[in-house]
Amino acid sequence: MVFPILPIYGNDAATLIKDKPFLTIAGQALLDSSELSQVEIKTFAEEFGSSIKIISVLVKETSRFTDDEIVDLLNNGIFTLFLSDKSYADHLSQEVGVPKERLTILKGSCYKNHFIVVDDFKIDSLIPANQLTVEIFVKSLISAIKTDREDKLLTTLVVDTHDRCLGLVYSSVESIKIAIEKKAGVYFSRSRNEIWIKGLTSGNTQQLKCIQLDCDGDALKFVVEQGGENSSFCHLETESCFGQFDHGLIGLERLLQQRLKNAPEGSYTHRLFNDPELLTAKIKEEAEELTEAKTKSEIAWEAADLFYFALAKLVSEGVSLSDVETNLQTKHLKITRRRGDAKAKFLNTNDKPTEPQADSGLIHLKILKSKENVALKEALTRPIQNTNQIMKLVNPIVESVRNNGDKSLMEFTQKFDGVKLKTPVLEAPFPKEYFDGLTDEMKESLDLSIENVRKFHAAQLQETVLKVETKPGVLCSRFPRPIEKVGLYIPGGTAVLPSTALMLGVPAQVAGCKEIIFASPPRKSDGKVSPEVVYVASKVGASMIVLAGGAQAVAAMAYGTESVPKVDKIAGPGNQFVTAAKMYVQNDTQALCSIDMPAGPSEVLVICDEDADADFVASDLLSQAEHGIDSQVILLGVDLSSKKVEEIQAAVHSQATNLSRVDIIRKCISHSSIVLCESYEEAFQISNQYAPEHLILQISNAEDYVKDVDNAGSIFVGAYTPESCGDYSSGTNHTLPTYGYARQYSGLNTSAFQKFITSQSITPEGLDKIGKAVMCIAKVEGLDGHRNAVKIRMSKLGLLPENFK
Ligand SMILES: NC(=O)c1ccc[n+]([C@@H]2O[C@H](COP(=O)([O-])OP(=O)(O)OC[C@H]3O[C@@H](n4cnc5c(N)ncnc54)[C@H](O)[C@@H]3O)[C@@H](O)[C@H]2O)c1
Ligand SMILES: N[C@H](CO)Cc1c[nH]c[nH+]1
Ligand SMILES: [Zn+2]
């Protein structure tokens, strides 16, 4: 049995729990949807779902939510709906596909929810959470239990959050009251005949999570989180009064966690944790052996092995068994909306209900509040593969191209891009056939964009020679030179990006690079690169297009092959393989090749307020979400009403479902979020910490806030400045630092294709001014040769006394 009080919450739900923390001990909550919006309900479930296991929603009006919204609630932490209309419950069950156990009818008893009998349920009998006090809590608990013990104590079973029994103790009315007040493990000690605050002397205190009653109300169950260094509940320093939890999966998990910290070098477990390839191979091997096992004991044996290696994987990645259990529970509770409005029995047999589609749910961003520190950290974590893993894939590709040149380059193109080539390059002058298919509109659009990008980047060109006389006769100067040979990577995995070709090619040309080569993966359909890219290549004077993508293209340009010249610098964005390969070659002194920056999967952070147009906000989020499944979009809403949040979510869903790359968007949105901020100041602080590639300001007086931006690749100011304009035509560069590198890198600009040489000339007068300082410092560094080079000159000039040493 659950706690005998089901608190009902209105619009003050979240603040109430913070003010009255004891409320979560009921382990259940009913949210009144006439006072709370869908967004607020989901936010509540997200925030408190780990402490309140059974969250229900009271739906009095059948029109309160659409069917999709109902499914969305039930898939996002709401355990059951309390309804007063049976025909509505029938509709949800039969036509929408909500399982009956997730519906509770308040009048009549046609469905019974498995945790509460509702035949005699009266809404009026619920106590509003804001009127609940510890006294009412304790009183109702005591009135629901009985004890036949003479001392009137109540038998109390203490369990942990995995429901493992820690021990058996006793409670008195007073101890229960203190336990609820303190949310701690407080009992009654029979030996000392007094209240016993667990851990007061040992330090092994307990956090009380919830209290339950047994089936006939004569025993209590305290669910607690056991604290203390060794998590021991028992006075004998063991985890439970029945010994240690050293068996089963949980025992194994703990053992592996210890081994991760201190397995001796050379031991098998140490190897396993330090060799991800070995671990992966073992998991595959054991999974295969399990599928082949026949007898009961073989199956148990192989399953145990598989669990062992799977647990090793969890432990090495910092994932706990509890995380897996939570995931299982979420999957268990997930429902898929049934499509089609007719009841199954009325359907023509030829017209079978469509199969539930895994990808048919709402496209909504997660919502969280800025003050939820843990959730915020998670929401702002980019969905990127860990560097070690990606490097393990990329290193052999780079090495192979470096050692085997064109042959290897073409093999990888066949493997990853599905194209078999005869030659890996297309050389200038590019065949005319490429341009024939281009419309005038396309050429004009590319020309306009090239012109604007050229204007902005030409203005950035640094041509002047800097000259400074630091002391009379000491002239220092600095002058620019173009980087001679540059390789420009134009992504082409999921979208053809001629815009990137011009964003890279124009500044390289403006800077005066002597050789510009492009690289881009060829199309699967005909093995060619897109005519638009070839058009841009000819416009910026590229000498060649390498028909390859990914790490292999980067390696070919960094080391050179029989057909591809080695370049001095590689610039351009790309997926994680491209970015990892760029990082690799920049660190290899043998390659002698620099890179522009880590420009990986596109991302955007939008800051909006209540005045923002929901459609504009949604469109900006989606324009970056469609780039790739590893993109991320974040919305920081300043003081937004729940109505505005709902409008934005609705706009995201309806616009996304009409876009051709909806499947990519769906995956991107699954790791994207809306963060509800309390002030502009807070929003900018979060944004600076995230350091987005693109920052869009859809706030009143947006221009005034630009001064508050410390970290961002490029800023888009005001409602009529969509990010797409910067992607294509306004003039700024769209190759920008991602992954948070906007903290230390600038977006691509003309100086990225220049280098600066310094020079100096010193007269005897100048030498006299600085020579002694040089000699003095050289002496302390023990570099006599340096000192002598000055001394010898100054002596001949008679600038040093005869006895100078
Ligand atoms: N930050 C910026 O300035 C900017 C600008 C434009 C595009 N982008 C980003 O560039 C990215 C483009 O990515 P894309 O994938 O479409 O194109 P891409 O050209 O970057 O990558 C395609 C290549 O990846 C390689 N590849 C694919 N799967 C592989 C695997 N399993 N192992 C090894 N190599 C593999 C293949 O060689 C393929 O040719 C997107 O994430 C987009 O957001 C960023
Ligand atoms: N938004 C991308 C940079 O992150 C660039 C791009 C190219 N085409 C469209 N968008
Ligand atoms: Zn874009």
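Calculation criteria
Along each chain, residues carry numbers from 1 onward, in the same order as the chain's sequence is written. Chain letters and ligand numbers both follow the written order, the letters beginning at A and the numbers at 1. For a predicted model such as this one, the threshold for reporting local features is a pLDDT of at least 70, and the threshold for listing and counting side-chain atom pairs is 80 or more; totals across whole chains, interfaces and linings nevertheless cover every residue. Derived side-chain values reflect all non-hydrogen atoms in the structure, with water molecules and hydrogen atoms excluded from consideration. UniProt positions are given in the numbering used here, feature names are shortened, and annotations may be inferred rather than shown by experiment. Both site types are read off a 1 Å grid over the protein atoms alone. A 1.4 Å probe that fits but cannot get out defines a cavity, while an open set with protein on both sides within 12 Å along at least five of seven lines defines a pocket; lining residues have an atom within 4 Å of a point. Grid points are joined across faces, edges and corners, and a volume is the space filled by probe spheres set on the points. For this classification, the nonpolar set comprises Ala, Val, Leu, Ile, Met, Phe, Trp, Tyr, Cys and Pro, the charged set comprises Asp, Glu, Lys and Arg, and every other residue, Gly included, is treated as polar. Coordinating donors are taken as N, O and S atoms within 2.8 Å of the metal, stretched to 3.2 Å for Na, K and Ca; because water is absent from the atoms, sites can appear incomplete. Here a site with four donors is tetrahedral if all angles are between 85 and 135 degrees, and a site with four or six donors is square planar or octahedral if opposite donors are over 155 degrees apart and the other angles are between 65 and 115; anything else gets the irregular label. Each helix is a run of DSSP H or I of at least 4 residues and each strand a run of E of at least 2, with the numbering of both proceeding from the N terminus. Accessibility here uses a 1.4 Å probe with only protein chains present; expressed as a share of the type maximum, an area under 20% marks a residue as buried, one over 50% as exposed, and anything in between as partly exposed. Consider each residue's heavy atoms; a residue with any of them within 4 Å of a molecule or strand counts as near. Pairs of N or O atoms within 3.5 Å make up the polar contacts considered here, provided that, within protein, one atom can donate a hydrogen while the other can accept it, and that residues adjacent in sequence are counted only when both atoms are side-chain atoms. Using a 1.4 Å probe, accessible areas were evaluated by the Shrake-Rupley method; residue-level cover was limited to the displayed protein chains. Should DSSP find at least two bridges between two strands, the strands are taken to pair. The predictor attaches a confidence to each residue, and that confidence, scored 0 to 100, is pLDDT. Here, two residues are considered to be in contact whenever any of their heavy atoms come within 4.5 Å of each other. Interaxial angles span 0 to 180 degrees and are taken between N-to-C directions of axes, which are lines fitted to C-alpha atoms, for helices over the stretch in contact. Oblique is the label for any angle not covered by the other classes, which are roughly parallel (under 35 degrees), roughly antiparallel (over 145) and roughly perpendicular (65 to 115). Remark: nonpolar core denotes a set of buried residues (Ala, Val, Leu, Ile, Met, Phe, Trp, Tyr, Cys) joined through side-chain atoms within 4.5 Å. Boundaries of every domain are those given by an automatic assignment or by a domain database. To count as a disulfide, a pair of cysteine sulfur atoms needs to be within 2.5 Å. Crossing handedness is defined as follows: a turn of the near helix away from the far one that is anticlockwise and smaller than a right angle gives a left-handed crossing, while the clockwise case is right-handed. Within 6.5 Å between ring centres, the rings of Phe, Tyr and Trp (the latter by its six-membered ring) count as paired, and their orientation is classed by plane angle as stacked under 30 degrees, edge-to-face over 60, tilted in between.

An unreviewed UniProt entry lists the protein chain under the name Histidine biosynthesis trifunctional protein, from Zygotorulaspora mrakii. UniProt, in the comment section headed Cofactor (unreviewed entry), describes the protein chain in these words: "Zn(2+)". Of the comments in the UniProt record for the protein chain, the one headed Sequence similarities (unreviewed entry) reads "In the C-terminal section; belongs to the histidinol dehydrogenase family."

(A) Geometry of empty space enclosed by the protein. Throughout the structure, instances matching the rule amount to one cavity of 30 Å³ or more. The residue makeup of the lining of the largest cavity, split by class, is four nonpolar, three polar and three charged.

(B) Up close: the coordination of the zinc ion (ligand 3). Protein ligation of the zinc ion (ligand 3) involves His 627 (NE2) and Asp 727 (OD), the donor distances falling in the range 2.1 Å. Around the zinc ion (ligand 3) sit four donor atoms; with metal-centred angles ranging over 84 to 174°, the donor geometry is irregular. Note that His 627 is positioned in the loop between α20 (614-625) and β22 (632-638) and Asp 727 in helix α24 (residues 723-728), a separation of 100 residues in sequence. Exposure remark for Asp 727: the relative accessible area of 10% places this residue in the buried category.

(C) Here's a closer look at the site of ligand 2. The immediate surroundings of ligand 2 are formed by Leu 497, Ser 499, Ser 602, Gln 624, His 627, Glu 693, His 694, Glu 723, Asp 727, Tyr 728 and His 734. Gln 624 has a polar side-chain atom sitting 2.9 Å from a nitrogen atom of ligand 2. In this structure, a nitrogen atom belonging to ligand 2 sits 2.8 Å away from a side-chain N or O atom of Asp 727. Protein contacts shield 93% of the accessible area of ligand 2, which totals 290 Å² for the unbound molecule. Considering every element that reaches the shell around ligand 2, the biggest residue donor is α24, with three residues. Per-class residue counts for the shell around ligand 2 are two nonpolar, six polar and three charged.

(D) Focus on the sheet that holds strand β3 (residues 54-59). Taking strand neighbours across the sheet as the criterion, the five strands line up as β1-β2-β3-β4-β5 in an open arrangement whose pairing is parallel. Edge positions in the sheet fall to β1 (8-9) and β5 (103-105), since each of these pairs with one other strand and no more. Pairing between β3 and strand β4 (residues 80-83): four bridges, direction parallel. Bridge pairing links Val 57 to Leu 81 in β4.

(E) The arrangement of the confidence of the model for the protein chain in detail. Confidence along the protein chain averages 90 in pLDDT terms, with 94% of residues attaining 70 or more. Below a pLDDT of 50 lies the segment residues 340-358, which in the model reaches 10 contacts outside its immediate sequence neighbourhood of four places, other chains included.

(F) Examining the packing of helix α2 (residues 38-48) against helix α3 (residues 67-74) more closely. Viewed as axis vectors pointing N to C, α2 and α3 meet at an angle of 10°, and their least axial separation amounts to 10 Å. Taken together, the axis directions place α2 and α3 in an arrangement best described as roughly parallel. Facing α2, whose interface residues are Gln 38, Ile 41 and Lys 42, α3 presents Glu 69, Asp 72 and Leu 73. Taken together, the residues that form the contact of α2 with α3 break down as two nonpolar, one polar and three charged.

(G) Looking closely at the environment of Ile 195. Examined against the element boundaries, Ile 195 turns out to sit in strand β9 (residues 194-197). Separated by 23 residues in sequence, Ile 195 and Ser 172 have C-alpha atoms that sit 8.2 Å apart. With residues up to four places along the chain from it excluded, the contact list for Ile 195 reads Ser 172, Glu 174, Ser 175, Ile 178, Val 186, Tyr 187 and Phe 188.

(H) Molecular detail of the side chain of Ser 37. Position of Ser 37 among the secondary structure elements: in the loop between β2 (28-32) and α2. Polar side-chain contacts of Ser 37 include one of 3.4 Å to the side chain of Glu 646.

(I) A look at the nonpolar core. Within the largest apolar cluster, 64 residues are counted, with the highest numbers of intra-cluster contacts made by Leu 81, Phe 137 and Ile 180. Composition of this core by domain shows at least three residues from each of domain 1 (8-131) and domain 2 (134-226). Leave out the neighbours within four places in its chain, and Phe 137 touches Phe 3, Ile 5, Phe 22, Leu 23, Ile 25, Ala 26, Leu 132 and Ile 180.

(J) Examining the state of the cysteines more closely. As enumerated under the stated definition, the model contains zero disulfides in all. Summary of cysteine pairing: Cys 165 is not part of a disulfide, and the nearest cysteine sulfur, belonging to Cys 241, is at 7.8 Å. Between Cys 513, a cysteine without a disulfide, and Cys 593, which holds the nearest cysteine sulfur, the sulfur-to-sulfur distance is 13 Å. Accessibility expressed as a relative area gives 10% for Cys 513, which makes it buried.

(K) Geometry of the packing of helix α13 (residues 387-417) against helix α18 (residues 550-559). In contact at an axis separation of 8 Å, α13 and α18 are set at 135° when each is read in the N-to-C sense. One way to sum up the angle between α13 and α18 is to call them oblique. For the element pair α13 and α18, the recorded crossing hand is left-handed. For the pair α13 and α18, the contacting residues are Val 394, Ile 397, Val 398, Val 401, Arg 402, Leu 409, Phe 412, Thr 413, Phe 416 and Asp 417 in the first and Ala 551, Gln 552, Ala 553, Ala 555, Ala 556 and Tyr 559 in the second.

(L) Examining the site of ligand 1 more closely. Contacts to ligand 1 come from 29 residues, most closely from Asp 417, Tyr 489, Thr 494, Asn 575 and Ser 602. The contact in question runs from an oxygen atom of ligand 1 to an N or O atom on the side chain of Tyr 489, over 2.6 Å. Contact distances for ligand 1 include 2.9 Å between an oxygen atom and a backbone N or O atom of Leu 736. In isolation ligand 1 has 870 Å² of accessible area, and contact with the protein removes 86% of it. Sorting elements by how many residues they give to the shell around ligand 1 places α13 first, with three residues.

(M) Highlighting the sheet that holds strand β11 (residues 219-226). Spatial strand order, β7-β6-β11-β10: four strands in an open sheet with mixed pairing. Pairing within the sheet leaves two strands with one partner each, and these edge strands are β7 (165-171) and β10 (206-213). Each neighbouring strand pair of the sheet contributes to a mean axis angle of 30°, computed without reference to strand direction. In the sheet, β10 pairs with β11 via seven bridges, with the strands oriented antiparallel. Bridging from a neighbouring strand, Gln 212 pairs with Lys 221 of β11. Strands in contact with helix α6 (residues 173-182) are β6 (154-160), β7, β10 and β11; relative to β10, the strand with the most contacts, it is inclined by about 125°.

(N) Layout of the environment of Lys 422. On the secondary structure map, Lys 422 appears in the loop between α13 and β13 (425-427). Residues Lys 422 and Val 324, 98 residues apart in the sequence, show an inter-C-alpha distance of 49 Å.

(O) Representation of helix α4 (residues 86-96) within the structure. Among the residues of α4, those classed as buried are Tyr 88, Ala 89, Asp 90, Leu 92, Ser 93, Glu 95 and Val 96. Where α4 is buried, its residues contact β3, α3, β4 and β5. Of the residues one or two after α4, Gly 97 is the one with positive phi, at around 95°.

(P) Geometry of the packing of aromatic side chains. Overall, the coordinates contain 14 aromatic pairs when judged by the stated rule. Here Phe 22 and Phe 137 contribute two aromatic rings whose centre-to-centre distance is 5.1 Å and whose plane-to-plane angle is 85°, an arrangement assigned as edge-to-face. Residue Phe 22 is found in the loop between α1 (13-19) and β2, and its partner Phe 137 is found in helix α5 (residues 134-144); the two are separated by 115 residues along the sequence. Judged by its relative accessible area of 0%, Phe 137 is buried.

(Q) Unusual backbone geometry, seen in detail. Note the cis peptide between Ala 428 and Pro 429, where omega equals 0°. Turning to its location among the elements, Pro 429 is positioned in the loop between β13 and α14 (433-436). With a phi angle near 55°, Asn 193 is a residue other than glycine that sits in the positive phi range. Along the chain, the position of Asn 193 falls in the loop between β8 (186-189) and β9. Asn 193 gets classed as exposed once you look at its relative accessible area, which sits at 58%. For Glu 237, which is not glycine, the phi torsion reads 70° and is therefore positive. Among the secondary structure elements, Glu 237 is positioned in the loop between β11 and α7 (248-262). Glu 237 gets classed as partly exposed once you look at its relative accessible area, which sits at 47%.

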